[in-house]
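# Analysis of the macromolecular model
If you want the building blocks of each chain, they are given just below.
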Amino acid sequence: MSGAYNFAYLDEQTKRMLRRAILKAVAIPGYQVPFASRDMPLPYGWGTGGIQVTAAVLGQDDVLKVIDQGADDTANAVSIRAFFAKTARVATTERTAEATVIQTRHRIPERRLHAGQILVYQVPIPEPLRFLEPRERETRRMHGLADYGAMHVKLYEDVARMGRITTSFAYPVKVAGRYVMDPSPIPKFDNPKLHDCPALQLFGAGREKRVYAIPPHTTVESLDFEDHPFEVQRWDRPCGLCGSTESYLDEVVTDDRGGRLFCCSDTDFCRERRDSNRMDEGR
Amino acid sequence: MSAHDLPLLEVRDLAKSYGGLQALKPTEFDLWPGEVLAIVGESGSGKTTLLSCLTGHVPADGGSVRFRSSEGAAVDLLQMAEAERRLLARTEFGFVHQNPRDGLRLNISAGGNIGERLMAAGWRHFGRIRAEALAWLDRVEIDRSRIDDLPRGFSGGMQQRLQIARNLVTRPRLVLMDEPTGGLDVSVQARLLDLLRRLVAELDLAVVIVTHDLAVARLLSHRMLVMRRGQVVEHGLTDRVLDDPQHPYSQLLVSSILAA
């Protein structure tokens, strides 16, 4: 079976085309580079962009981790991990610290990434201006001319209606002081982690046929108002499993009588903390 | 010599063809600060083409449009890089479309529509943007309580007034208007004209207004150009042109006004 596929599923010419696009994206941080997106053996919206970028950067010695909403054990994460385990025979892991390539949907791991790691995002809509301007030609021109005044209109609408900036995911950022970028639907809780990150961050949108990138240690600012500064979500309770007060929490309904549990969405981070808690108790 | 002694806009040999059709024959005129110039003529006479060439929405075939920016230097709008032209268009120009739906963002609240140009000009303080939006709603006689409503729920006259507020909020020095009263009923037109007249005087605006309605031209403009088949056939002070038209076409135009 494995002989039927090229390494990491895509043929070498396709990976070469993708790598060229990725190199260009790295050279122009935040700029959306078009690429010839291929049909993948999974539907659009399930990570076809991310999976192509991963295929293009994956080497035989890489260790792959795949997360979906922070979790390693959800359907999307499990099948993409199995896909590369089968087609590239690379080692896989659930541990953030051990991975060299991490493909993610909707989260950045809580543990600070280190130099040499690559974080690959799955992106549904790469264009941050789409909400304001439906014409692709026009949005490209706006990016080209750094004509970004309209971007704040979206935030203005939030504050006017709700009294605060209610955009809580896909929160627009300015990369390296130039391009305004949609960081994919990560919660704005993760936006500060984009800034000055030691790892390379790559974004792939399969249906929209765009890749973009944030090179290591790049300035990434979240857009805001002087009197309504950017802030992240806070919870009034710690994680119900590991007790963390600084991670992004999911609300899990546990029964049909109103019982609910707040726990870390990053399963690896939570497991690591529980392990060390247990060791502390055992001592 | 003060800024008022120099023309704000100098148009020379501006021309535009669409294929074999010369929509605009070489045209020239000057516009001084604080002056309202009406361009009248029947449909297809090249009025809108002239306006579009002035803004750069449509690339002109030749000629020059020199604009004296607030720093005092004259720049040729046709030779300018697009980035600079957009910056000027955001700060020193306004453009009022005939159909307010072309000039407004209908899925954005009235306040957001007014604030957009301020934010584009670098305003980053929500409270101040909102205060300015409220002040402008007052000036264009829209109730303050409508600030968070979407313009699609506004009447035609209100939409047009909102479009005017959205354009004037950055205090442009030149406003181009394409049939601003078209499609409005007579009483709403009258109110809008009153409003425009007041704002033009208050803000010392220079305006180029394209209209086929001679009454609008009479009320608002100081000078007027009469166009026919892509050519300016007559130009002069509005009262002079309307009371004593020289060119046969102008005479026809003036005589075709229905006496009320």
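Basis of the calculations
Residues numbered from 1 in each chain as written. Chains lettered and ligands numbered in written order. Predicted model: local features only at pLDDT ≥ 70, side-chain atom pairs only at ≥ 80, totals over all residues. Heavy atoms only, no water. Pairing = 2+ DSSP bridges. Helix = DSSP H or I, 4+ residues; strand = E, 2+ residues; numbered from the N terminus. Axes fitted to C-alpha atoms, helices over the stretch in contact; angles between N-to-C directions. Contact = heavy atoms within 4.5 Å. Buried area = accessible area lost by both parts, 1.4 Å probe. Salt bridge = Lys/Arg side-chain N within 4 Å of Asp/Glu carboxyl O. Polar contact = N/O pair within 3.5 Å; in protein donor to acceptor, adjacent residues only side chain to side chain. Core = buried A, V, L, I, M, F, W, Y, C linked by side-chain atoms within 4.5 Å. Buried < 20%, exposed > 50% of the residue type's maximum accessible area, 1.4 Å probe, protein only. Disulfide = S-S within 2.5 Å. Expected span 1.5 Å × (residues − 1).

## Concerning the sheet that holds strand S7 (residues 174-178) of chain B
Residues and elements named next belong to chain B. Strands sit in the order S6-S7-S8-S3-S9-S10 across an open sheet of six strands; the sheet is mixed. Only two strands of the sheet have a single neighbouring strand rather than two, namely strand S6 (93-96) and strand S10 (231-237). Here the strands of the sheet are splayed against their neighbours by 15° on average, with no regard to which way each runs. Looking at chain direction, strand S3 (residues 36-40) and strand S9 (residues 223-228) are connected through four bridges and run parallel. Directly across from Ala-38, in S9, lies its bridge partner Met-224.

## Brief notes about the sheet that holds strand S7 (residues 179-181) of chain A
All names here are of chain A. With antiparallel pairing, three strands are arranged side by side in an open sheet as S7-S6-S10. Two strands bound the open sheet, and with one partner strand each, they are S7 and strand S10 (220-222). Adjacent strand axes in the sheet meet at a mean angle of 30° when their direction is disregarded. The pairing of strand S6 (residues 173-175) with S10 spans three bridges and is antiparallel. Opposite Val-173, over in S10, you have Ser-222 as the bridge partner.

## Some points on the interface of chain A and chain B
Counting residues at the interface gives 21 residues for chain A, matched by 23 residues for chain B. When the two sides are added together, the surface that chain A and chain B hide from each other amounts to roughly 2,000 Å², 57% of it contributed by carbon and sulfur. Applying the counting criterion to the chain A and chain B interface returns five salt bridges. Note that Asp-147 of chain A is salt-bridged to Arg-90 of chain B, the shortest N-O span being 2.6 Å. Run the count over chain A and chain B and you get 11 residue pairs in polar contact (both at pLDDT 80 or more). Counting residues per element, the ones that place at least two in the side of chain A that touches chain B are helix H4 (136-144) and helix H5 (151-162) of chain A. Per-element tally for the side of chain A that touches chain B: the top contributor is H5 of chain A, with seven residues.

## Quick look at the nonpolar core
Where a protein is soluble and globular, its nonpolar side chains tend to be buried together. If you look at the biggest cluster of nonpolar residues, it comprises 67 residues, and the most contacted ones within it are Phe-225 of chain A together with Trp-136 of chain B. In terms of residue count, the dominant contributor to this core is helix H7 (residues 186-203) of chain B (seven residues). Not counting residues within four places of it along the chain, the set of residues in contact with Trp-136 of chain B comprises Ile-114, Ala-165, Leu-168, Val-169, Arg-171, Leu-199 and Leu-203 of chain B. Counting residues in each nonpolar core, the second largest holds 30 residues, with Val-33, Phe-35, Phe-83 and Leu-200 of chain A among its members.

## Concerning the state of the cysteines
Residue and element names in this part refer to chain A. A complete count under the given rule lists zero disulfides over all chains for this structure. Considering cysteine sulfurs only, Cys-239 is the nearest to Cys-263, which forms no disulfide, with 5.6 Å between them. No disulfide involves Cys-270; its sulfur sits 3.8 Å from that of Cys-239, the nearest cysteine. Among the residues examined, Cys-270 registers a relative accessible area of 2% and is labelled buried.

## Some points on the side chain of Ser-109 of chain B
Positionally, Ser-109 of chain B belongs in the loop between helix H3 (100-103) and helix H4 (110-120). Overall, Ser-109 of chain B belongs to the buried group, its relative accessible area being 1%. Separated by 2.6 Å, the side chains of Ser-109 of chain B and Glu-157 of chain A make a polar contact. Those residues in contact with Ser-109 of chain B that lie beyond four places of it in its chain are Tyr-156, Glu-157 and Arg-161 of chain A together with Ile-147, Asp-148, Asp-149, Leu-150 and Pro-151 of chain B.

## Here we look at the environment of Val-180 of chain A
Checked against the element boundaries, Val-180 of chain A lands in strand S7. A C-alpha to C-alpha distance of 29 Å links Val-180 of chain A and Asn-76 of chain A, two positions 104 residues apart in sequence.

## With respect to helix H7 (residues 267-282) of chain A
Residue and element names in this part refer to chain A. For H7, built from 16 residues, the straight-helix expectation of 22 Å at 1.5 Å per residue is met to within 8% by its first-to-last C-alpha distance of 22 Å. When H7 is considered as a whole, its buried residues turn out to be Asp-268, Phe-269 and Cys-270. With a side-chain oxygen lying 3.2 Å from the backbone nitrogen of Asp-268, the N-terminal cap of H7 falls on Asp-266.

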